[in-house]
Amino acid sequence: MILGVCAIISLIVGISMEGWPKGAHDGLGIVASILLVVFVTATSDYRQSLQFKDLDKEKKKITVQVTRNGYSQKISIYDLLPGDIVHLAIGDQVPADGLFIRGSSLLINESSLTGESEPVNVTAENPFLLSGTKVQDGSCKMLVSTVGIRTQWGKQMATLSEGGDDETPLQVKLNGGANFFGKIGLFFAVITFAVLVQGLFSREMQEGSLWSWPGEDALEMLEHFAVAVTIVVLAVSGGLPLAVTLSLCIMGKFKEFGDSVESSAFCSGNPDSALRMLLSCWLLLNCASDKSDDLIQQLVSNLKSCLIDHQKWAAMGLRLLAKNNPENQLKIARAGAIKPLIALISSSDPQLQENAVTAILNLSLRDENKKLLASSGSIEPLIRALCVGTSTVKENAACALFCLSQVEENKVAIGQLGAIPPLVNLLETGNFRGKKDASTALYTLCSVRENKIRAVEAGIIKPLLELMADFGSNMVDKSAFVLSLLVSLPEARALVVEEGGIPVLVKIIRVGSQRQKEIAVTILLQICEDSVKCRTLVTRRGAIPPLVKLSRSGTTLAKQKAEALMELLRQPRYRNVRCVNFGFFIAEHAPT
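As the structure is a prediction and not an experimental result, all values here were calculated from the model.

Draft legend 1. Expanded view of the overall build of the protein. Across its full length, the protein holds 29 helices and seven strands. Of all 592 residues assigned to the protein, the portion counted as buried reaches 40%. Residue pairs in contact within the protein that sit at least 24 positions apart in sequence constitute 65% of those at least 6 positions apart. Summing over all exposed atoms, the protein offers an accessible surface of approximately 32,400 Å²; the carbon and sulfur share of this is 59%.

In structure tokens:
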């Protein structure tokens, strides 16, 4: 509007003083600028709206595995109906309200609904599953009871939408900042216009022509007004972006001068640095949609920089791009980022090491990159990071090794290069995520006999049994699966008995979930097959009653395994005298 007024005044004064068309040049230039800005803005907004619609369509392309009318099929979450049976696994979002039918170790993250970060254990006693929550661990089958707006999530969204278009606290802050800059711009525009006009009036008074202005003076007055308008326009439209840009430049000075004090404040969680990181990440992800190839090339070149801070931001950028878009995982690998990232894994800077390891992890999610990463020498640096890195570095390194081990030939290489002992150590001493990542990697690696031997020699049996004995650890299933692979080795079976594993396994058969019971029976079958002593221990620990119960109420496979174990336990215990304590043998079979 201000520019429009300025254009009209410029046209009137210019044409009246200089005639057409010479006097209309300035006014028409302003009009052309207005039209150009409006056209560009409208085109940009239209393209963004189209992109948003495309993203919204992609977001809605979410399918779930469903059993309907006795047939298993994949359907969109928007096509769910009450009565469908939905199959849920780790990472899935619960698509509707429903009831738990069966499953194992199911942990649900309800923070999106309740705000509570502590996961909820869903069982037959607590069977309710709510739409919008996420499966943090385990798997299950769910009977859909409510869909759409009638779910708890739908009701919550409806309640939020009733509030209208009230501004969020962030919008209030941003609008307040924009208004503040606008007022400052208006203030300086008025001051500037007043100073310029005062100089013009002083000159006119000295010349004695205060009341008779020539055309040149009128045009000069118009130019002064245009300067004031320019200040207002820049302050209103560009004030806040300019302030953000200046803040980023000021906070980025330590990159140019290598200021150690500023750098340490950044690494220690300085609030300004944290804000800078958030703004940079936001800009990075928003700019990457149209020019991701150029951005990736620039980030890869920065990985080879001599400045550690440039390397940090480049590794962070590649880490975010690889996580944000699976297509970027292939682009980053083709751009030559793998070897520089591998070199940075050995960095002594914790943040740089974490960014490099996590970037490698995100790249390893792509099947095409797995062999390339292994052949480029990523395994040894990841193992070193697994030994000496921070807790986050160790967890992400374990995940990366798990991804690489999905290629069969990599399993042997990972074991030969020494990954098993640090993974066992992480399983024993890590936090929940570390134990979970270590057990997943070990389960995949121990499908190879050589790695099984390495794991047993590294002392894996004791931490596995401790986790299986602790039902509150939420690691019973994963630990039992790893142990079920290891007990194919005679030395592993002997260690299970020596470390007190039989009471733990019998307890699982007694109080565990259906899945846990089935795994425990499988392990006991292998342990008891050639050992009368082990059969005796299992029987004396009271395994028969829960086995009978499992053979009647378990799944088909669980029933078969329970019956096989009971048949094994019924066999005479004196056939292999070497496996039975002699005193117990005499007391058991002496004539009465």
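That covers the picture; the talk isn't over yet.
Draft legend 2. Summary view of the pattern of salt bridges. Scanning the entire structure with this criterion turns up 15 salt bridges. A salt bridge links Lys-411 to Glu-408, with the nearest nitrogen and oxygen atoms 3.3 Å apart. Note that Lys-411 and Glu-408 are positioned in helix α17 (residues 408-416) at a spacing of three residues, about one turn of the helix. Where Lys-561 meets Glu-518, a salt bridge forms, and the shortest distance between an N and an O atom there is 4.0 Å. With a gap of 43 residues between them, Lys-561 in helix α28 (residues 556-570) and Glu-518 in helix α25 (residues 514-528) connect regions that are remote in the sequence. For the pair shown, Lys-561 and Glu-518 are each scored as buried.

Draft legend 3. Region of the structure containing a negative patch on the surface. Together, Glu-428, Glu-466, Glu-498 and Glu-499 line one region of the surface with negative charge. By the secondary structure assignment, Glu-428 is in helix α18 (residues 420-429).

Draft legend 4. A look at the environment of Gln-406. Its location among the elements puts Gln-406 in the loop between α16 (391-404) and α17. A sequence separation of 38 residues divides Gln-406 from Thr-444, and the C-alpha atoms of the two residues are 7.2 Å apart.

Draft legend 5. Expanded view of the pairing of strand β4 (residues 97-109). By the bridge criterion, ten bridges tie β4 to strand β7 (residues 134-146) in an arrangement that is antiparallel. When the sheet's bridge partners are listed, Leu-99 is paired in β7 with Leu-143. As paired elements, β4 and strand β5 (residues 120-121) share two bridges and run antiparallel to each other. If you follow Ile-108 over to β5, its bridge partner there is Val-120.

Draft legend 6. Main features of α28. Given a rise of 1.5 Å per residue, 15 residues ought to cover 21 Å, and the 21 Å separating the end C-alpha atoms of α28 matches this to within 8%. Inspection of α28 places Ala-558, Lys-561, Ala-562, Leu-565, Met-566, Leu-568 and Leu-569 among the buried residues, and these make up the whole buried set. An end-on view of α28 places all buried positions within 160° of arc, on one side of the element. Exposed and facing more than 90 degrees away from the buried side of α28 are Thr-556 and Arg-570. On the buried face of α28, the contacting elements are α25, α26 (532-540) and α27 (544-553).

Draft legend 7. View of the side chain of Gln-353. Structurally, Gln-353 can be placed in helix α13 (residues 350-364). According to the relative accessible area criterion, Gln-353 is buried, its value standing at 8%. Once you skip the residues sitting within four places of it in the chain, Gln-353 turns out to touch Leu-344, Ile-345, Ser-347, Ala-385, Gly-389 and Val-393.

Draft legend 8. Representation of the state of the cysteines within the structure. Taken as a whole and judged by the stated rule, the model has zero disulfides. Here Cys-528 is not cross-linked by a disulfide; its sulfur's nearest cysteine counterpart is in Cys-534, at 5.7 Å. Using a relative accessible area of 0% as the deciding quantity, one classes Cys-528 as buried.

Draft legend 9. Up close: a nonpolar patch on the surface. Together, Phe-180, Ile-184, Phe-187, Phe-188, Ile-191 and Val-195 make up a nonpolar patch on the protein surface, roughly 580 Å² of accessible area in all. Here Ile-191 shows up in helix α5 (residues 169-207). Given a relative accessible area of 40%, Ile-191 falls into the partly exposed group.

Draft legend 10. Representation of the environment of Val-144 within the structure. When you line up the elements, Val-144 lands in strand β7. With 48 residues separating them in the primary sequence, Val-144 and Ala-96 have C-alpha atoms 6.4 Å apart. Residue contacts for Val-144: discarding those within four places in its chain leaves Leu-81, Pro-82, Gly-83, Asp-84, Val-86, Ala-96, Asp-97 and Gly-98.

Draft legend 11. Representation of the confidence of the model for the protein within the structure. Confidence along the protein averages 80 in pLDDT terms, with 81% of residues attaining 70 or more. Under a pLDDT of 50 for its full length, residues 250-276 has, in the predicted model, 24 contacts with residues more than four places off or in other chains. Across residues 574-592, where pLDDT falls below 50, the model places 13 contacts with residues more than four positions away in sequence or in other chains.

Draft legend 12. Representation of the packing of aromatic side chains in the model. In this structure the tally under the stated criterion is two aromatic pairs. Arranged with centres 5.4 Å apart and planes meeting at 80°, the rings of Phe-187 and Phe-188 form a pair that is edge-to-face. Ring geometry for Tyr-443 against Phe-481: centres 6.0 Å apart, planes inclined by 70°, an arrangement best described as edge-to-face. Highlighted residues: Tyr-443 in helix α19 (residues 432-445) and Phe-481 in helix α22 (residues 476-486), separated in sequence by 38 residues. Residue classification places Tyr-443 among the partly exposed positions, given a relative accessible area of 38%.

Draft legend 13. Geometry of unusual backbone geometry. Within the chain, Asn-69 stands out as a residue other than glycine whose phi angle is a positive 55°. Positionally, Asn-69 belongs in the loop between β1 (63-68) and β2 (71-76). Despite not being glycine, Ser-105 has its phi angle at roughly 50°, a positive value. Here Ser-105 is to be found in strand β4. Taking relative accessible area as the criterion, Ser-105 reaches 23% and is therefore assigned partly exposed.

Draft legend 14. View of the pairing of β2. Where β1 meets β2, six bridges bridge the pair, whose relative direction is antiparallel. Paired with Gln-65 across the two strands is Lys-74, which belongs to β2.

Draft legend 15. Just the packing of helix α10 (residues 308-324) against helix α11 (residues 326-334), in detail. Interaxial distance between α10 and α11 falls to 5 Å at its minimum, and their mutual angle equals 135°. One finds that α10 runs oblique with respect to α11. From α10, Leu-318, Leu-321, Ala-322 and Asn-324 reach across to α11, where they touch Pro-326, Asn-328, Gln-329 and Ile-332. Considered class by class, the residues forming the contact of α10 with α11 number five nonpolar, three polar and no charged.

Cut-offs applied
Residues numbered from 1 in each chain as written. Predicted model: local features only at pLDDT ≥ 70, side-chain atom pairs only at ≥ 80, totals over all residues. Heavy atoms only, no water. Helix = DSSP H or I, 4+ residues; strand = E, 2+ residues; numbered from the N terminus. Buried < 20%, exposed > 50% of the residue type's maximum accessible area, 1.4 Å probe, protein only. Contact = heavy atoms within 4.5 Å. Areas by Shrake-Rupley, 256 points an atom, 1.4 Å probe, with all protein chains shown as cover. Salt bridge = Lys/Arg side-chain N within 4 Å of Asp/Glu carboxyl O. Patch = residues over 30% accessible without salt bridge, like charges linked within 9 Å, V, L, I, M, F, W, Y side chains within 5 Å. Lys, Arg positive; Asp, Glu negative; His and termini not counted. Charge placed at Lys NZ, Arg CZ, Asp CG, Glu CD. Pairing = 2+ DSSP bridges. Expected span 1.5 Å × (residues − 1). Arc of directions from axis to C-beta. Disulfide = S-S within 2.5 Å. pLDDT = per-residue confidence, 0-100. Phe/Tyr/Trp six-rings, centres within 6.5 Å; stacked < 30°, edge-to-face > 60°. Axes fitted to C-alpha atoms, helices over the stretch in contact; angles between N-to-C directions. Parallel < 35°, antiparallel > 145°, perpendicular 65-115°, else oblique. Nonpolar A, V, L, I, M, F, W, Y, C, P; charged D, E, K, R; others polar.

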